[in-house]
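Each chain, letter by letter, is given below.
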Amino acid sequence: MGEGGGEGTVVTPEAEFPALGPEELGSLRRIGDRWRVARREQPEPAGELPVDPTLGRYRRRPAPSRFGRLAPIELFRVEEPDELVATEQANLPGSRLGRGLVRLRRGALGPPLNSAAVLYERMRKLVALPVLSSDLLSSVAYGPEAMLAVLVLAGGAALGLSLPLGALLVLLMVAVGVSYRQTIPAYPHGAGSYLVAGDNLGAGAGLTAAAGLMIDYVLTVSVSVAAGIHAITSALPGLTGLTVPLGVLVIAVLLAGNLRGVRTAGNIFVLPTYAFIAALLAVLGAGFLQAAGRGFMALPAPDVPAAEGLGLLLVLRAFSSGAVSMTGIEAVSNAIPAFRPPEWRNARTTLSWMVAMLVVLFASIVVLIHLDGLVPRSGETLLSQLARTSFPTGPWYALVQAATALILLLAANTAFNDFPRLLFFMARAGHAPRRFLHMGDRLAFSNGLVALSGTAALVFVTFGGHTEALIPLYAVGVFLAFTLSQAGMVVHWRRRRGARWRRRLAVNAVGTTLSGLVLLTAAVAKFAEGAWVVVVAVPLLVLLFHRVQRHYRQQHRALALRPPGTAPASAGPPRGTVAGGGPEGGAAPQPPAGGPSAGGDGDGAPLPAEGQEVPQQIRHLVVVPVARLNRASLRALAYAASLGQPTLAVHLAPNEVEADRFRGQWEAWGDHLRLETIVSPYRAVIGPLAHYLEALHASRADLVLTVIVPEVVLRHRWHRPLHSQVERRLRRALRELPGVVVTSVPVHLPG
């Protein structure tokens, strides 16, 4: 893909509804041709539906009924023929408790956002910079200290190595930053290391990079919160005993803030990042002015006894520890779709600003620590010592510590932006549960946010909120993703060979080499300190991703549309019973037109839905919810049509794009049954569908609504989290409605 290619974004609500490929569309047309033949061979069902699917009659006759409170006129509006749009009220559940919980949630998180608002839930550069750089810039608060904490083990004399090691780390930052700067226009849809490595090095490399990134994001939250709490306890030692509960509380607050949506969360976290940058620049400015007054002469460091010999392994450990200052440098390449158009250009500019600030702040802190002769000590961070030295009097030290604590606590927000997006791209490829494709009420990936928060809180509690215990786990996952991403870009330039491809290849090759050296160093030098956990976890995660994708492949093979005559034979008649039907799977008897048996009580008055006691009194409307056209849904439609009763198919789409696309597929199939499309702009499924069925029933209370749900029967319990279980949720929602029968048409996946 050329620079700036691939305009737009794939992170949209309709990603939950993948389009049919050309081969399946062809199969769909051939199946539709067979439907036309089959319908001529059996009695025609009633040509007219007993109700108006657009609820027109219901709107003209809003007679009081027990359904009035649940199905008001405002629940749906007609946008165009054969299409309804569910309003915000249609998302409310039927029970009073359920509505109260929804209102409580909306009070905390805000009202739901329309699917069309996804184009406006983007960040401009001045907002994206603090949101996506909070992790990267805040790492300078503990990265230099992590490096010096290893060097000091060899005694005070070894601290002089901080300057050359710092220079090497600056070189690494520039190389990796420039490498990612080239990645952004080449892959403007985001997904970072996962997509780049998978596209160029194979699926295994992509999944390995994804596993490293996922571990990195979880540790970003845990380490950032731990460092922020440490900054607070450095200034207020009395709070040390509350480290764990305070950290869990902060993670919960971050989750709530991000559930409010990308733009809202960005506005919340803008000020703390800029306040930290200003505070750090003030500390560095005051510190260098003091050093200039003494001619930049370095103050002697306290005499620290050596606990280990100064060797190559210790130096490598110190270098890899300092490299955690680069965590978060890949955040922009993962979150390109979150930028305003042109996405890739704004993302690349933001990354350049981030890397420049990182280099200046990191190098300045390392040099100033050396000039002031400071050494790590327990109970107080090096940044706290720098602030005390620069501002020995006045309120400035407290302000610096407050800004530092706040940015460290909010640095985890970078992971909250990128982790759910990574899961989105993985779920789209079938490597993660498809529920991670769903966008919540506020157009945020709520399931991914909750998964990240729960995992990070578990890690934080397990390690007691100690930054030192978490740091050794950090660098391996980060630089594993860095290395695979840059190696993938090397292959990318060799394949594409566009303008200046040799220079670009050389830049990414340097990034690959340096990142690979840090990866090997961190894995070997810190293996016994805890890096072994990541070394073991990565292949286990990759194995899990493969198992998930294998399940989805089996499901797709079982449900994919095939030309007539090539589908596997049915295992038997579908399960479930239909009210008023004959033997299981058979057609219900046709009532004669007119007379008492046409649904009346003998005097011409229609009976309520649960008042009929003989088959001749029952009037049917069969409704089939169809999410996508596959073998499961077509089998449900065929079963419904075989009953010989008026049948209506209903499709819920998150926006007009998906609604139009589905109608095109429906017409390709042959438009054999009446289709009603409901646009659910707040992406809810159960609520709008349940309210729509209530509204249909309210317009004809004598009807029995038979809802036929296509259901995929899973072979193993561990497969259940990979599916949304919409069928079960729909049955629960409709259980309380009189006159509504729900039956399922199962399709069994092969073992």
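Heads up: the structure comes first, above all this text.
Residues numbered from 1 in each chain as written. Predicted model: local features only at pLDDT ≥ 70, side-chain atom pairs only at ≥ 80, totals over all residues. Heavy atoms only, no water.

**Here's the deal with the pairing of strand β6 (residues 703-713)**
By the criterion of burial, β6 is predominantly enclosed, with 11 of the 11 residues buried. Neither face of β6 is left uncovered, since the one carrying L703, L705, V707, V709, E711 and V713 and the one carrying V704, T706, I708, P710 and V712 both have all their residues buried. Relative to β6, strand β3 (residues 619-625) runs parallel, the two being bridged by five bridges. Within β6, the residue paired with H620 across the bridge is V704. Bridging between β6 and strand β7 (residues 740-748) involves nine bridges; their strand directions are parallel. Opposite V713, over in β7, you have H748 as the bridge partner. (Buried < 20%, exposed > 50% of the residue type's maximum accessible area, 1.4 Å probe, protein only. Helix = DSSP H or I, 4+ residues; strand = E, 2+ residues; numbered from the N terminus. Pairing = 2+ DSSP bridges.)

**Brief notes about unusual backbone geometry**
A positive phi angle, near 55 degrees, is found at D671, a position not held by glycine. Mapped onto the elements, D671 comes out in the loop between α22 (656-669) and β5 (674-679). Despite not being glycine, R683 shows a phi value in the positive range, around 70 degrees. With respect to the helices and strands, R683 occurs in the loop between β5 and α23 (686-699). On the accessibility criterion, R683 (5% relative accessible area) is buried.

**Section: the packing of helix α6 (residues 162-186) against helix α19 (residues 501-525)**
Contact geometry of α6 with α19 gives a least axis separation of 9 Å together with a crossing angle of 130 degrees. Viewed along their axes, α6 and α19 adopt a mutual orientation that is oblique. For α6 against α19, the interelement crossing comes out left-handed. Each of L172, A175, V176, V178, S179 and Q182 in α6 lies in contact with α19, whose residues at this interface are R504, V507, N508, V510, G511, L514, S515 and V518. Its residues placed into classes, the contact of α6 with α19 shows eight nonpolar, five polar and one charged. (Axes fitted to C-alpha atoms, helices over the stretch in contact; angles between N-to-C directions. Parallel < 35°, antiparallel > 145°, perpendicular 65-115°, else oblique. Left-handed = near helix turned anticlockwise from the far one by under 90°. Contact = heavy atoms within 4.5 Å. Nonpolar A, V, L, I, M, F, W, Y, C, P; charged D, E, K, R; others polar.)

**Structural notes on the packing of helix α9 (residues 243-259) against helix α16 (residues 413-428)**
α16 packs onto α9 with a crossing angle of 55 degrees between their chain directions and a minimal axis gap of 10 Å. Classed by the angle they form, the pair α9 and α16 counts as oblique. Viewed along their axes, α9 and α16 form a crossing whose handedness is right-handed. Residues I251, L254, L255 and N258 of α9 touch α16, and the partners they reach there are N413, F416 and N417. Per-class residue counts for the contact of α9 with α16 are four nonpolar, three polar and no charged.

The values reported here are purely geometric and, on their own, carry no functional implication.
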